[in-house]
Every structure is written in C-alpha cells, then in structure tokens.
Amino acid sequence: MLVAVEGSHVRSQALAGSAPVTGNVAEDDVTATRLAASGKNHAEHVYAATSVAEKLGTLASVQHSDPHVIRLPRIMHLATDISGDLHAPATALAVAGVVHPSAAVCGTPTELAARVLAELEGFDRGRYAGPVGWLDADGDGEFAIALRCGQVSDDGRSIRLFAGGGIVAGSDPSEELAETARKFLPMYEALSPVDRP
Ligand SMILES: C=C(O[C@@H]1C=C(C(=O)O)C=C[C@H]1O)C(=O)O
C-alpha cells in the first residue's frame, strides 16, 4: 500500500525483499525465517522503507515498525509499516504524489535512479507501478501501487505483462530472474484458459 490518509493520519507499507511461497506451511515457515534473516534482502528492504519514510517525513512526523514478513499466495515480502500525523492538511492524492515512486519500484536516489533506468532499460515502462486508489471529497483516501499487471494492446489481441525486482549489491542475477518470474504467476493464472473452480 502506497499511502492511506484519514484526516491528519497517514500510513504506508513498504514492501521489498522477497521469497517464494509454496503452500507447504512448514517449508514456508523456514523460508520466512530465512528471509527475515537475509542480509541481502534486509539491505534491499531498508532502501525501500527509508525512501518512503523520508518522503513521508517531508509532510508528517513519522514512525515505523520493524521489518516483518507478510505472505501472499505465491510470494512473501519483508514489510515495514510507516505512519504519522500530517504537519498540514494534504489529500491522499497529494501525499501519493510525494511518496511515489519509492525505491521499491524506481531505485534510490529517485531522480538519479530514474535517469539511469531510462538510459539502461531500453523500453518504456508505460503504466508499470502506477498508483491506483480512491479519494473522497475531504481528501481522505488510499492508493496502492498497481504492480505485476499488464497492458492490453490497442488491437486487443495481446497483453504485455510487467514485473521487476530490487537489485542491490549481492543480488544474484538468476535468483532475481526467478523472483521476477514468480511475480508473473497470478497474471498467468488469471489469463490461463484452464477452468478453475
Ligand atoms: C518491483 C516490484 O516489486 C517490488 C520489489 C520487491 C522486491 O524486489 O523484493 C518486492 C515488492 C515490491 O515492492 C515488481 O513487482 O515489479
């Protein structure tokens, strides 16, 4: 979740550092313990959490939890909850505009990382990692990052899926590729012609 604003209260959850979920609880428990103890994943996570806390810190007095593991159906992540009270009234949209893009999707420092990615990636990210959410008439609302989605071609005959991962010193290219492939699974399943109950 990128940002939620309710009155003067603001919160965010930074996710970065990943490991597979198999559905075997005992195996996943071991993986979660390893993820929480992994120096490389912790370093990656700190970049993401710090970037959110710093950006939010320009608008609010913030506090944050310790990193903890959250499990999704196919993947688990290190998560840090960040919250605070806004110094001055701001809408959820305005806060999202300040916090996005965080290091989790763009790298850090933001401007330099965005420039380097534009030079090196060799393709247009399109709507990758765009914030989506809602906003009410008072400015309260909630925005999440639309990650691991796809864009249907103009002729409606193909879809291009996007997913990525945080690369830090100590990242192993083949592991990062496997992690990125895992991030596509929900979309593959949603798009699969196989009937599911
Ligand atoms: C960059 C993506 O995901 C982000 C990167 C993660 C990671 O590298 O561990 C985990 C969660 C997201 O904050 C993506 O899915 O494209």
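The structure under discussion appears in the preceding block.
First, a word on scope: everything that follows refers to the structure included in this document.

Cut-off values and rules
Each chain carries its own residue numbering, running from 1 in the written order of its sequence. Owing to the predicted nature of the model, reporting of local features is limited to residues with pLDDT of at least 70; listing and counting of side-chain atom pairs is limited to 80 or more, with chain, interface and lining totals taken over all residues. To obtain the side-chain values, all non-hydrogen atoms of the structure were included, while hydrogens and water were left out. Two strands qualify as a pair provided that DSSP identifies no fewer than 2 bridges between them. Helix numbering and strand numbering both begin at the N terminus, where a helix is a DSSP run of H or I of at least 4 residues and a strand a DSSP run of E of at least 2. Think of it this way: one heavy atom of a residue within 4 Å of a molecule or strand is enough to make that residue near it. The definition of a polar contact used here is a pair of N or O atoms within 3.5 Å, where within protein one atom must be able to donate a hydrogen and the other to accept one, and adjacent residues in sequence count solely through side-chain atom pairs. We call Asp, Glu, Lys and Arg charged. Ala, Val, Leu, Ile, Met, Phe, Trp, Tyr, Cys and Pro are nonpolar, and the rest, Gly among them, are polar.

**Here we look at the pairing of strand E4 (residues 68-71)**
Thinking step 1. Across 4 bridges, E4 lies against strand E5 (residues 75-86) in antiparallel orientation. Note that in E5 the partner of His-68 across the bridge is Ala-79.

**Concerning the site of the ligand**
Thinking step 1. Not every one of the 16 residues close to the ligand is listed here, only the nearest: Leu-15, Ser-18, Tyr-128, Arg-148 and Gly-164.
Thinking step 2. The side chain of Arg-148 places a nitrogen or oxygen atom 2.6 Å from an oxygen atom of the ligand.
Thinking step 3. Between Glu-179 and the ligand, the recorded distance is 3.3 Å, taken from a side-chain N or O atom to an oxygen atom.
Thinking step 4. Broken down by secondary-structure element, the contributors of at least two residues to the shell around the ligand are strand E2 (9-20) and helix H6 (173-183).
Thinking step 5. When grouped by side-chain class, the residues that make up the shell around the ligand number 6 nonpolar, 6 polar and 4 charged.

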